[in-house]
Structures are given as C-alpha cells and as structure tokens.
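# Coordinates in review
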Amino acid sequence: MNQEKRRWLKGFVFGFAPGLVVATAAKLDLFSHLKGPRNLEEIVKETGLSARPLRMILDALCALGLLKKERSFYFLSPDLDEFLGRGDIFSYEAYLSHGFNLVKGWLRLPEAISGGHPEPQGPDPEFFTHLTRGLLAVNWPEATELAGQLKSRGYQRLLDVGAGSCLWSAALLKELPSARAWAIDFPQVLDGSAQEIVRHLHLEDRFVFLPGNYWKISWGEGYDLIILGHICHSLGPEENVTLFKKARQSLARDGELVIIEFIPDEGRCSPLFPLIFALNMLLHTDSGDTYTASEYQDFLARAGLKISERLYLDQGHGSQVIVARPE
Ligand SMILES: C[S@@+](CC[C@H](N)C(=O)[O-])C[C@H]1O[C@@H](n2cnc3c(N)ncnc32)[C@H](O)[C@@H]1O
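Rules behind the numbers
Numbers given to residues run from 1 along each chain, matching the order in which its sequence is written. In view of the model being predicted, local features appear only for residues whose pLDDT reaches at least 70, and side-chain atom pairs are presented and counted only at 80 or more, with totals across whole chains, interfaces and linings using the full set of residues. Based on all heavy atoms of the structure, the side-chain values leave hydrogens and waters out of the count. UniProt positions are given in the numbering used here, feature names are shortened, and annotations may be inferred rather than shown by experiment. A helix here means a DSSP run of H or I that spans at least four residues, while a strand means a run of E at least two residues long, and both kinds are numbered starting from the N terminus. For this text, the term disulfide refers to a pair of cysteine sulfurs within 2.5 Å. A 1.4 Å probe rolled over the protein chains alone gives each residue an accessible area, and that area as a share of the maximum for its type sets the label: buried under 20%, exposed over 50%, partly exposed in between. Every crossover in which the path from the first strand over the helix to the second runs clockwise, viewed with the strands pointing away from the viewer, is termed right-handed. The cutoff for a nearby residue is simple: one of its non-hydrogen atoms must lie within 4 Å of the molecule or strand. Polar contacts, as counted here, are pairs of nitrogen or oxygen atoms within 3.5 Å of one another; within protein the pair requires one atom able to donate a hydrogen and one able to accept it, and residues that are adjacent in sequence qualify only if both atoms are side-chain atoms. Under the scheme applied, nonpolar residues are Ala, Val, Leu, Ile, Met, Phe, Trp, Tyr, Cys and Pro; charged residues are Asp, Glu, Lys and Arg; polar residues are all the others, including Gly.

## Focus on the UniProt feature "domain: O-methyltransferase C-terminal" (unreviewed entry) in the protein chain
Within this structure's numbering, the places UniProt gives as "domain: O-methyltransferase C-terminal" (unreviewed entry) are residues 124-305. For residues 124-305, helix accounts for 47% and strand for 20%, while the C-alpha atoms at its two ends are 30 Å apart.

## A closer look at the state of the cysteines
Throughout this description, disulfide means a covalent bond between two cysteine sulfur atoms. The final tally for this structure, using the stated rule, is 0 disulfides. Unpaired in this structure, Cys232 has its nearest cysteine sulfur neighbour in Cys166, at a distance of 17 Å. Here Cys232 falls in the buried class, since its relative accessible area comes to 0%.

## Describing the UniProt feature "domain: O-methyltransferase dimerisation" (unreviewed entry) in the protein chain
Per the UniProt record, "domain: O-methyltransferase dimerisation" (unreviewed entry) is found at residues 13-75. Helix and strand shares over residues 13-75 are 52% and 14% respectively, and the end C-alpha atoms of the span are 29 Å apart.

## Comments concerning the pairing of strand β5 (residues 180-185)
With 5 of 6 residues buried, β5 is to be regarded as a mostly interior element. Crossover strand β4 (residues 157-161) to β5 through helix α9 (residues 167-175) is right-handed. Regarding the hand of the β-α-β motif, the stretch spanning β5, helix α10 (residues 187-200) and strand β6 (residues 207-211) is right-handed.

## Comments concerning the site of the ligand
Near the ligand you find 18 residues, and of these Gly162, Trp168, Asp185, Tyr214 and Gly229 are the closest. The separation between an oxygen atom of the ligand and a polar side-chain atom of Trp168 is 2.7 Å. Listing elements by their share of the shell around the ligand, those giving two or more residues are α8 (125-150) and α9. At 3 residues, the largest contribution of residues to the shell around the ligand is made by α8. A breakdown of the residues in the shell around the ligand according to their chemical character gives 10 nonpolar, 7 polar and 1 charged.

The structure is reproduced here in structure tokens:
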C-alpha cells in the first residue's frame with residue numbers, strides 16, 4: 001500500500017480543523033495576549049478562560065506553527081508579529097475569524113451538490129462589513145502592488161463598485177495625488193468598514209461615498225477607471241453582463257474597467273483556490289461562480305467591452321486582474 005497516499009487521504013478527515021483552531025484563537029483575541037512569553041497560569045488570569053481548554057488550543061497553535069513554546073512559556077511566533085495581535089486595521093484577526101461565518105454554509109455542501117439549493121441568502125451587509133474589514137488586512141499588499149502597476153495611467157476619476165473597505169481605490173489615490181474616488185456599497189459597509197481606512201489614510205476629502213445597492217442607485221458617469229474588486233464571482237453570467245453594461249455606460253470614452261478576481265485555468269482543474277471558491281459561491285450566493293478568462297471575455301464582449309490586458313499580482317493568494325476597455 002502506498003503510504004504517502006494513505007496519509008494524504010486520511011488527512012482530509014480533519015482537514016477542516018486547523019482553520020477552526022486559528023479562527024477560534026482570533027475570535028477570542030488570544031494572539032494579543034501572546035506578544036511576549038506567558039505561561040498557562042498567566043494567560044488564564046489575563047483571559048479569564050479555563051486552563052484545560054486553553055492549554056489544548058495553545059498546544060495545537062504551537063503544532064500549527066503560529067505559537068512557540070519554550071520552557072512552558074507560550075509566545076507568538078516572531079515572524080507573525082506583523083500579522084497578528086496588532087489590534088489595528090491591518091491585523092489578520094478579522095479575516096481569520098471570518099471562517100466561522102463561512103463554515104455554516106459549508107456544512108450544507110451535500111444538499112447543495114445533490115440538487116437542493118441552499119436557502120437563498122442575498123447580500124448581508126453585516127457579513128460583508130466583517131469580511132471586508134478582514135480583506136483589507138490580507139489584500140492590502142496586493143492593492144498597493146496593483147496601484148504601483150496602474151499609477152502611470154494617471155486616472156483622475158475612479159469608481160469603486162462594491163467597494164467594501166475601499167482598499168483598491170484607496171491604494172490608487174495614495175499614488176495619484178490629484179485623483180478623486182467614488183465608492184458604492186451598502187451604507188452599513190461604508191460606515192463599518194470603509195470609513196476607518198479612508199480616515200486612517202487621510203483620504204476623507206478625496207472620497208465620495210454613494211451608499212446603496214449597486215443594482216439600484218445611479219453610478220454617475222465619466223469615470224476613467226471603474227474597479228470591480230472580487231464582485232463578479234458572487235454573480236451569475238447574465239448578471240455579470242448586466243453589471244458590465246452599467247460599467248460601460250459610466251466609463252469615459254477612454255476609460256478602463258479593472259476586474260480583480262480568482263480566475264481558474266481554462267481547463268478548470270487548477271489552481272485549487274478558485275475552484276474551492278466556486279463551491280463557496282454555490283453555498284453563499286444564488287448564482288455566483290468563478291469564471292475563466294475566456295468566460296470574462298465573452299461577458300465583456302456582450303457589454304461592448306474587450307480585454308485589453310491581464311495583470312498578475314505577486315503578493316496575492318491567487319487574485320488576477322483583467323483590464324477591459326470599450327470596444
Ligand atoms: C467580496 S466583497 C469585496 C469588497 C472589495 N471590493 C474588496 O475587494 O475587498 C463584496 C462587496 O460587494 C458589496 N455588495 C454586494 N452586493 C452589493 C449590492 N447589491 N450593492 C452594493 N454593494 C454590494 C458587499 O457589501 C461587499 O462589500
């Protein structure tokens with residue numbers, strides 16, 4: 001019997017557990033107590049948690065490589081200092097604890113695959129407020145990398161649709177001192193997520209928030225850049241065509257539409273993340289999916305746009321960028 005294959009197959013049964021261990025630590029704010037070495041007794045005192053479960057999760061976090069333990073003192077692995085326990089908007093905790101918001105949906109995977117569509121959820125602003133605060137921290141390096149790649153185009157009027165924390169447009173405004181940005185999202189998301197980053201980066205005077213549902217409110221016109229950051233995967237093909245038509249109408253004649261997305265290879269067998277994410281969309285949206293570059297080309301063509309470029313981000317965990325222009 002092939003031992004390696006045996007181990008690999010067995011590993012799937014507890015495959016869900018590391019994510020939940022880390023999500024629990026983030027949710028309970030354990031990392032902020034582990035910036036310096038602490039023994040179990042001290043952590044019990046600081047957190048008010050019971051010793052037995054605490055010891056178990058701390059040991060598991062050691063085995064997962066997030067903590068170190070020396071002579072019964074636990075501490076955050078030093079190379080994770082810049083990510084965890086920071087207590088600010090760039091801390092990874094919000095994103096890591098988002099696993100709890102996803103897992104309920106994933107338990108319905110068998111029903112979803114065998115034909116019963118999971119109960120329709122519709123966009124939930126509370127879900128998105130939490131998610132986009134987390135996405136800011138994890139995707140900020142990608143956003144600054146993309147802004148560096150795009151800054152020479154000198155955009156002046158930017159529209160960020162489904163802006164979330166506004167990270168993509170905010171990173172660009174930092175590079176384009178005379179540009180302004182408009183951001184559409186639900187009011188709760190703009191208040192609960194975008195406000196903080198925009199203030200943190202001193203961009204209040206250069207952003208106009210357009211609170212509301214992007215299907216319903218007017219987008220305005222004459223933008224030389226429209227950004228769709230991780231929006232298209234939550235929509236079905238026809239909805240994407242409709243969204244691209246709205247974008248086409250709001251773009252200036254020489255404007256560009258930038259789509260940031262998880263894009264599987266044409267054969268749809270790799271990379272893993274866009275394909276797992278397609279299932280995530282099955283579980284959490286009515287008609288979302290991940291789409292190949294050829295599929296985007298088709299949706300865009302039906303909206304009078306064409307792909308002019310594809311950009312690749314070194315920093316990210318799989319986001320790719322499609323740039324499209326009016327035909
Ligand atoms: C996956 S998040 C992406 C956020 C951001 N663009 C990013 O890349 O981090 C999707 C965003 O679209 C927003 N959204 C979803 N449906 C919307 C709608 N119908 N109208 C306005 N915003 C919507 C959500 O509130 C959320 O902020």
